[in-house]
Amino acid sequence: MFRTWMKKLLGRGDSEAEGENIMKIIVGLGNPTDKYKGTRHNIGYMAIDKIAEANKITINQHKHKAMVGSGFIGAERVLLMKPLTYMNLSGESVRAAADFYKIDVEDILIIYDDISLEPGKLRIRKKGSAGGHNGIKSIISHMGGDNFPRIRVGIGGERHPGMDLADYVLGHFDKEELVIIEGALENAAKAAELIMADDMDAAMNQYNTPKQKKKKKKQENKVENLPEQADSKEENMPTIENKAEESPETQEVKTEVAAEVKQADKIEKSAEKEGNLESIN
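Bear in mind the structure is a predicted one, so any value in this text is a computation, not a measurement. (Residues numbered from 1 in each chain as written. Predicted model: local features only at pLDDT ≥ 70, side-chain atom pairs only at ≥ 80, totals over all residues. Heavy atoms only, no water.)

A. Layout of the pairing of strand β1 (residues 24-28). Taking burial as the measure, the five residues of β1 include five buried ones, the bulk of the element. Across the two faces of β1 the burial is the same, with Lys24, Ile26 and Gly28 and Ile25 and Val27 all buried. In this sheet, strand β4 (residues 76-83) lies alongside β1 in parallel orientation, the contact comprising four bridges. Pairing of Val27 across the sheet is with Met81, part of β4. Bridge analysis of β1 against strand β5 (residues 108-114) gives four bridges, and the strand direction is parallel. Looking across to β5, one finds that Gly28 is bridged to Ile111. (Buried < 20%, exposed > 50% of the residue type's maximum accessible area, 1.4 Å probe, protein only. Helix = DSSP H or I, 4+ residues; strand = E, 2+ residues; numbered from the N terminus. Pairing = 2+ DSSP bridges.)

Below, the structure written as structure tokens:
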């Protein structure tokens, strides 16, 4: 709180010259271009749109390798960001904005998808590891630590039987899911407002979904023998309707997502194993 007050008093140098005195940043993770608009992996983008709508902030500027918009959430002047670097390079965009506005890592909120949570469930934390998410890995690497708040929005759980997990993550929500997701996005926006007001505990208490014990069930569609993920640097990706003719860029994104899903699945199984050992002991 004292640090925030000092920033208001002293201003921000170059950013102040542009008429901005950004105090905090909210970042929604996703992949750019219309091809990925509205997909499960882009729920971070959707959350930013919801926050912008609720607080009358227009996102129409291209800065810091992202689409951005600034405005007030309560008493705080906030920058909303949708990185355009592709998911696994998100840290480049976040670091560029943090350096420009001289924002501490603790004042950057990240919103992103979580395959291990049921659709619409929220998990809010003050800090933590990447949990297999490539966008968070990139941010931790570029920011030099994981001490930043985050809101994870569930897109997975047991809702993807009979599907390749990479296709599922990069697919669109069905009508039933959209109703659930709309409510989750509204709650994520409200939680973000509390976090911007330095009330993280209230955000966690009000909007965290209680953990439920999962039934043991083997997933039939594991992604095996995946190649190493590659950096996705392409700026334009054509829309391909025929899946058999996917472009190299699309295959690259799918490879990245498949590796991410496999890692998340591994972490989830490890956590379940530890839980079972605790109950035995």
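Next comes the rest of the account.
B. Representation of the packing of helix α7 (residues 175-196) against helix α8 (residues 200-207). At a minimum axis distance of 7 Å, the contact between α7 and α8 shows a crossing angle of 160°. For the element pair α7 / α8, the angle class is roughly antiparallel. Note that α7 runs across α8; the crossing there is right-handed. Two secondary-structure elements touch here, α7 through Asn187, Lys190, Ala191, Leu194 and Ile195 and α8 through Met200, Ala202, Ala203, Gln206 and Tyr207. Per-class residue counts for the contact of α7 with α8 are seven nonpolar, two polar and one charged. (Axes fitted to C-alpha atoms, helices over the stretch in contact; angles between N-to-C directions. Parallel < 35°, antiparallel > 145°, perpendicular 65-115°, else oblique. Left-handed = near helix turned anticlockwise from the far one by under 90°. Contact = heavy atoms within 4.5 Å. Nonpolar A, V, L, I, M, F, W, Y, C, P; charged D, E, K, R; others polar.)

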